[in-house]
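A closer look at the structure
What follows is each chain in one-letter form.
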Amino acid sequence: MPASPLSSDQEARKAIADRLGVIRRDAELSGLELAQRCGWHPSKSSRIENARTMPSDADIRAWCDACGVPEQAADLIAASRSADSMYTEWRRIHRTGLRQTQEAITPLFERTRHMRIYCSSVVPGLLQTPAYATGLLEAITEFRGIPNDVPEAVAARMARSNVIREGNRRFALLVEEGVLHHLLADDEGMAGQLGYLLTVMSLPNVSLGVVPFKGRRRMWPVESFSIFDDTRVQVELLSARVVVTAPGEISTYAKAFQDMSKMAVYGAQARALITEAIAALG
């Protein structure tokens, strides 16, 4: 992997080591004192703090307990467990095309009971029509220079979208108003996509909000993200997918979603914005 701090597993490990070092210093303990409290050799504290040894879950708990902050262990353990997969470049994920990625994430969607999705630039994948998905995935394929399996990827995405009508699941979705005007399909395809949004809004398990252009914002537009229950957040950057599993970080995204939910419009007001976007098509 490249040496980018975000994409490097080594940097992720170092970040955990740095946090443990801060905890030790805040507790005003030397490495020797920490080792004595944890019951291990002093060199182990040094190896962990200098990122030469990755701590086990038990090591992290012992470290936090010794420093008087046992409540911080859960976040650190989650960060440690996800160090290898927290940041993955799209070029690695999509090296064989897009279909496999669509299929691979389906089990996560199927086991999730409460899903919150915020999209700042495109219609959420779960709500995409075949024509819109085709336009978007063709653009991604061309931009990233990956094998073209768009028809198969679109079919897989449509199959995955069935979760919105199956089982006991709840979906809260937010889109920026600009999403309604970004033309990722021809006029007919966009009209069909926007019309589908009007249809899906009537589903009892779906809440679709639009954050309007006008009005003072309490939260600025951010990168698109999805919250799966309260256990995982997936963030989509231009170059990579970031997976967040640390409880504290999940709470940050949940707060952002809540704040933007308060700025969004729903029901008749949201329908009016979607209808206006349809009318604006050539």
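To be clear, the structure that these remarks concern was listed above.
Residues numbered from 1 in each chain as written. Predicted model: local features only at pLDDT ≥ 70, side-chain atom pairs only at ≥ 80, totals over all residues. Heavy atoms only, no water.

Of all the positions in helix 3 (residues 42–49), only Ser45, Ile48 and Glu49 are classed as buried. Along the axis of helix 3, the buried residues cluster in a sector spanning 90°; they form a single face. Just past helix 3, the residue Ala51 takes up positive phi, approximately 60°. (Buried < 20%, exposed > 50% of the residue type's maximum accessible area, 1.4 Å probe, protein only. Helix = DSSP H or I, 4+ residues; strand = E, 2+ residues; numbered from the N terminus. Arc of directions from axis to C-beta.)

Strand pairing in a sheet takes place through backbone hydrogen bonds and is either antiparallel or parallel in direction. Here seven strands make up an open sheet; going across it, the order is 1-7-6-5-2-3-4 and the pairing mixed. Because the sheet does not close on itself, it has two edges, and the strands there are strand 1 (87–89) and strand 4 (206–211). On average, each strand axis in the sheet is inclined to that of its neighbour by 15°, with strand direction left out of account. Two strands pair when backbone bridges link them, and strand 2 (residues 114–119) and strand 3 (residues 170–176) are joined in this way by six bridges, in the parallel orientation. Bridge assignment links Met115 to a residue of strand 3, and that residue is Phe171. Against the sheet, helix 12 (residues 247–263) contacts strand 2, strand 3, strand 4, strand 5 (224–228), strand 6 (232–236) and strand 7 (240–244), and its axis sits at roughly 110° relative to strand 5. (Pairing = 2+ DSSP bridges. Axes fitted to C-alpha atoms, helices over the stretch in contact; angles between N-to-C directions. Contact = heavy atoms within 4.5 Å.)

The next point concerns the packing of helix 4 (residues 57–66) against helix 5 (residues 73–81). Here helix 4 crosses helix 5 at 150°, and the two axes come no closer than 9 Å. As judged from the angle between their axes, helix 4 and helix 5 are roughly antiparallel. Every pair of crossing elements has a handedness; the one defined by helix 4 and helix 5 is right-handed. For the pair helix 4 and helix 5, contact is made by Asp57, Ile60, Arg61 and Cys64 and by Ala73, Leu76, Ile77, Ser80 and Arg81, respectively. Residues of the contact of helix 4 with helix 5, tallied by class, amount to five nonpolar, one polar and three charged. (Parallel < 35°, antiparallel > 145°, perpendicular 65-115°, else oblique. Left-handed = near helix turned anticlockwise from the far one by under 90°. Nonpolar A, V, L, I, M, F, W, Y, C, P; charged D, E, K, R; others polar.)

Turning our attention to the pattern of salt bridges. This model, assessed by the stated rule, comprises nine salt bridges. When the shortest N-O distance is used, the salt bridge between Asp18 and Lys14 registers 3.0 Å. Of the two residues, Asp18 and Lys14 are both situated in helix 1 (residues 9–26); the distance of four residues between them amounts to about one turn of the helix. Taking the relative accessible area as the measure of exposure, Lys14 reaches 39% and is therefore partly exposed. A salt bridge links Arg24 to Glu49; its shortest N-O distance comes to 2.8 Å. In this pair, Arg24 sits in helix 1 while Glu49 sits in helix 3, placing the two residues 25 residues apart along the sequence. Residue Arg24 shares its accessibility class with Glu49, and that shared class is buried. A network of salt bridges, in which partner residues are shared, links Arg24, Arg25 and Glu49. (Salt bridge = Lys/Arg side-chain N within 4 Å of Asp/Glu carboxyl O.)

Arg24 sits in the buried class, given a relative accessible area of 13%. In this structure, Arg24 is in contact with Leu29, Ser30, Gly31, Leu34, Glu49, Trp63 and Cys67, ignoring residues within four places of it in sequence.

Attention now moves to the nonpolar core. Membership of the largest hydrophobic core comes to 37 residues, with the highest contact counts inside it found for Leu127, Phe171, Leu180 and Leu197. For this core, the secondary-structure elements that each account for two or more residues are helix 8 (106–111), strand 2, helix 9 (130–144), strand 3, helix 11 (187–200), strand 4 and helix 13 (267–279). The leading source of residues in this core is helix 11, at five residues. For Phe171, the contacting residues outside a window of four places in its chain are Met115, Leu126, Val163, Ile164, Asn205, Val206 and Ser207. Listed in part, the 22 residues of the second largest apolar core include Tyr87, Phe225, Val233 and Ala254. (Core = buried A, V, L, I, M, F, W, Y, C linked by side-chain atoms within 4.5 Å.)

Before going further, it helps to examine the packing of helix 11 against helix 13. The contact between helix 11 and helix 13 brings their axes to 9 Å, and the two run at 165°. Here helix 13 runs roughly antiparallel to helix 11, going by the angle between their axes. Here helix 11 runs over helix 13; the crossing is left-handed. Together, Leu194, Gly195, Leu197 and Leu198 of helix 11 and Arg271, Ile274, Thr275, Ala277 and Ile278 of helix 13 make up the contact between the two elements. Its residues placed into classes, the contact of helix 11 with helix 13 shows six nonpolar, two polar and one charged.

Along strand 7, five of the five residues are buried, which leaves the element largely enclosed by surrounding structure. Side chains Ala240, Val242 and Val244 project from strand 7 onto one buried face, and the interleaved Arg241 and Val243 project onto a second face that is buried too. Relative to strand 7, strand 1 runs antiparallel, the two sharing three bridges. Within strand 7, the residue paired with Thr88 across the bridge is Arg241. Bridge analysis of strand 6 against strand 7 gives four bridges, and the strand direction is antiparallel. From the neighbouring strand, Gln234 faces strand 7, where its bridge partner is Val243. The antiparallel hairpin formed by strand 6 and strand 7 contains three residues in its connecting segment.

Just distances and angles here, no functional claims.
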